[in-house]
Amino acid sequence: DEAVAAGAAIQAGIMWQASGAGQAVGFARTYDLVLVDVTPLSLGIEIEGGHMVTLIPRNSQLPSKKSKTFSTVHDHQTSV
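Residues numbered from 1 in each chain as written. Predicted model: local features only at pLDDT ≥ 70, side-chain atom pairs only at ≥ 80, totals over all residues. Heavy atoms only, no water.

Bringing the overall build of the protein into the picture now. For the protein, the count of helices and strands is one helix and two strands. The N-to-C order of helical and strand elements in the protein reads α-β-β. The buried share among the 80 residues of the protein stands at 9%. Taking all contacts inside the protein whose residues are at least 6 apart in sequence as the whole, residues at least 24 apart take part in 11%. (Helix = DSSP H or I, 4+ residues; strand = E, 2+ residues; numbered from the N terminus. Buried < 20%, exposed > 50% of the residue type's maximum accessible area, 1.4 Å probe, protein only. Contact = heavy atoms within 4.5 Å.)

Turning our eyes to something else, we now look at the pairing of strand β1 (residues 43-46). Sheet topology places β1 next to strand β2 (residues 52-56); four bridges connect them, and they run antiparallel. Bridge assignment links E46 to a residue of β2, and that residue is M52. Here β1 folds back onto β2 in antiparallel fashion, the turn holding five residues, of which G49 has a positive phi close to 90°. (Pairing = 2+ DSSP bridges.)

Let us now look at the side chain of T39. Within the secondary structure layout, T39 lies in the loop between α1 (2-18) and β1. Here T39 falls in the buried class, since its relative accessible area comes to 6%. Ignoring anything within four residues of it in the chain, the contact list for T39 reads I56, P57, R58, N59, S60 and L62.

The next point concerns the environment of T39. Between the C-alpha atom of T39 and that of S64, which follows or precedes it by 25 residues, the distance is 9.2 Å. Among the polar contacts listed, one links the side chain of T39 to the backbone oxygen of L41, at a separation of 2.9 Å. (Polar contact = N/O pair within 3.5 Å; in protein donor to acceptor, adjacent residues only side chain to side chain.)

Moving on to the confidence of the model for the protein. Summary statistics for the protein give a mean pLDDT of 79 and a share of 78% for residues scoring 70 or more. Put simply, α1 is where the protein has its lowest mean pLDDT, 78, and β2 is where it has its highest, 94. (pLDDT = per-residue confidence, 0-100.)

Here we take up unusual backbone geometry. Note that the residue after L62, namely P63, is joined by a cis bond; omega there is 0°. Note on placement: P63 falls in the segment after β2. Positive phi values are uncommon outside glycine, yet N59 reaches one of about 65°. Within the secondary structure, N59 is located in the segment after β2. Residue classification places N59 among the exposed positions, given a relative accessible area of 54%. Unlike most non-glycine residues, H76 shows phi in positive territory, near 60°. Within the fold, H76 resides in the segment after β2.

Encoded structure:
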């Protein structure tokens with residue numbers, strides 16, 4: 001929780017400086033900022049042999065949607 005709060009405070013400081021608010025009283029300089037939510041880690045599934053197949057790479061913009069077809073290892077397998 002503290003890391004999230006520290007990151008938010010740092011980001012707010014960067015945005016404050018970028019807007020010019022910290023430099024002049026008149027707020028003459030403004031920027032349009034867009035914050036994009038991304039996934040910090042790759043998302044995927046584990047396949048036979050302990051290997052991971054990445055479906056959504058890290059730093060992909062959220063929301064994200066990906067599909068891939070997988071099959072079971074053995075015939076008549078009831079669970080994955």
